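Given next are the chains, with one letter for each unit.
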Amino acid sequence: MRNVTYSMSTSLDGYIVGPDGGFDWTVPDYEVFSYFTDEIRGVGVHLLGRRLYETMLYWETADQDPSLDASMLEWAALWNPLPKVVFSTTLSDVQGNARLASGSLVDEIERLRAEPGEGDIAIGGATLAAEAAASGLIDEYRVMAHPVLVGGGIPFFPQRERRVDLELVETRTFNSRVVHLRYRVARQESSPE
């Protein structure tokens with residue numbers, strides 16, 4: 001069965017966007033950007049909320065930007081053909097290899113898991129991830145923690161009254177002092193009775 005992953009950059013105090021709506025502190029250096037490129041190679045479909053979808057629209061035509069270096073062109077070449085599902089109640093259409101979700105997030109994830117396919121089902125955006133987490137659908141959390149405190153904004157982990165035990169799978173510290181943490185949800189094995 002395909003894994004569902006939630007991967008975002010966050011400030012050390014746990015926000016993906018600061019109180020002013022900015023996230024300029026998440027701009028990756030070459031080393032972190034290369035890591036993101038390697039990570040996207042393992043994704044089979046990406047689920048996005050409206051805000052993240054609109055942010056990522058740049059990449060739909062980025063290959064036409066003469067200022068991009070080879071690593072950014074490589075990212076665009078991987079991102080553009082990747083199937084994307086956008087969850088929005090305000091958008092009427094989407095661009096590129098994206099489609100608007102017609103059902104609930106839970107139904108979409110269950111449908112994608114049942115279909116043949118390779119690669120993770122990646123979730124982008126805290127609101128969408130919170131909904132998936134509340135339903136117990138996230139298998140891995142991938143945190144790119146940046147060395148900054150922003151003091152508020154949109155949290156990586158929206159508050160939910162639910163405990164989730166995690167197992168550390170991987171850590172990596174980059175030269176830019178960014179730390180990647182990868183955790184797998186610790187699922188209890190059901191015992192036969």
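How each quantity is defined
Residue positions are counted from 1 within each chain, in the order its sequence is given. pLDDT decides what is reported in this predicted model: residues at 70 or higher carry local features, side-chain atom pairs at 80 or more are listed and counted, and totals for whole chains, interfaces and linings draw on all residues regardless. Values shown for side chains rest on all heavy atoms present in the structure; no hydrogens or waters enter the calculation. In this scheme Phe, Tyr and Trp rings, the latter by its six-membered ring, pair at centre separations within 6.5 Å, and the angle between planes marks the pair as stacked below 30 degrees, edge-to-face above 60, and tilted otherwise. The helix and strand labels rest on DSSP assignments: H or I over at least four residues marks a helix, E over at least two residues marks a strand, and numbering proceeds from the N terminus. Whether a residue is buried, partly exposed or exposed follows from its accessible area with a 1.4 Å probe, protein chains only, as a fraction of its type maximum: under 20%, in between, or over 50%, in that order. Counted as over-ring charges are cases with an Arg CZ or a Lys NZ within 6 Å of the ring centre that also lie within 35 degrees of the ring normal. Two strands qualify as a pair provided that DSSP identifies no fewer than 2 bridges between them. The convention used is that axes are lines fitted to C-alpha atoms, helices contributing only their stretch in contact, and that angles between N-to-C directions extend from 0 to 180 degrees. The criterion used for residue contact is that any of the two residues' heavy atoms lie within 4.5 Å. Any carboxyl oxygen of Asp or Glu within 4 Å of a side-chain nitrogen of Lys or Arg constitutes a salt bridge here. Buried Ala, Val, Leu, Ile, Met, Phe, Trp, Tyr and Cys residues that are joined via side-chain atoms within 4.5 Å together make up what is termed a nonpolar core.

Draft legend 1. Layout of the packing of aromatic side chains. Inspection of every chain in the model, using the stated rule, returns ten aromatic pairs. Their ring planes at 25 degrees and their centres at 4.4 Å tell us that Y6 and F156 sit as a pair that is stacked. Of this pair, Y6 sits in strand β1 (residues 4–11) while F156 sits in the loop between β8 (154–155) and β9 (166–173); the two residues are 150 residues apart in sequence, bridging distant segments of the chain. Under the relative-accessibility criterion, F156 is labelled buried at 1%. Measuring from ring centre to ring centre gives 5.8 Å for Y141 and F157, while their planes differ by 55 degrees; the resulting arrangement is tilted. Taken as a pair, Y141 in strand β7 (residues 140–146) and F157 in the loop between β8 and β9 lie far apart in primary sequence, 16 residues in all. Using a relative accessible area of 45% as the deciding quantity, one classes F157 as partly exposed. Ring-pair connections join several aromatic residues into one group, and the members of that group are F33, Y58, W59, W75 and W79. Over the aromatic face of W79 sits the side chain of K84, whose NZ or CZ is 4.9 Å from the ring centroid.

Draft legend 2. Broad picture of helix α5 (residues 126–134). Among the residues of α5, A126, L128, A129, A130, A132 and A133 are the ones counted as buried. A positive backbone phi angle near 70 degrees is found at G136, which sits one or two residues after α5.

Draft legend 3. Representation of the sheet that holds strand β6 (residues 120–124) in the model. The eight strands are arranged β5-β4-β3-β6-β1-β7-β10-β9 in an open sheet whose pairing can be described as mixed. Two strands lie at the open edges of the sheet, namely β5 (98–100) and β9, each paired on one side alone. Averaged over all adjacent pairs, the angle separating strand axes in this sheet is 20 degrees, with direction ignored. Both β1 and β7 contribute to a ladder of seven bridges, which runs parallel. When the bridges of β7 are listed, T5 appears paired with E140. Packing against the sheet, α5 makes contact with β1, β3 (43–49), β4 (84–87), β6 and β7, and its axis sits at approximately 125 degrees to β6.

Draft legend 4. Focus on the pattern of salt bridges. Considering all chains together, one arrives at 17 salt bridges under this definition. The salt bridge involving R172 is made with E31; its shortest N-O contact spans 3.4 Å. With R172 in strand β9 and E31 in helix α1 (residues 30–40), this pair connects stretches of sequence that are 141 residues apart. Judged by relative accessible area, E31 falls into the partly exposed class, the value being 23%. Several salt bridges share partner residues, and in doing so they unite E39, D120, E140, R142, E170 and R182 into one network.

Draft legend 5. Inspection of the nonpolar core at higher detail. Counting residues in each nonpolar core, the largest one holds 27 residues, and the members touching the most others are Y6, L47, I109, I123 and I138. At the level of secondary structure, the elements contributing two or more residues to this core comprise β1, β2 (15–17), β3, β4, α4 (105–114), β6, α5 and β7. The element best represented in this core is α5, accounting for five residues. Not counting residues within four places of it along the chain, the set of residues in contact with Y6 comprises I16, I123, G125, A126, A129, I138, E140, Y141, R142 and F156. Listed in part, the 23 residues of the second largest apolar core include V32, F36, A76 and W79.

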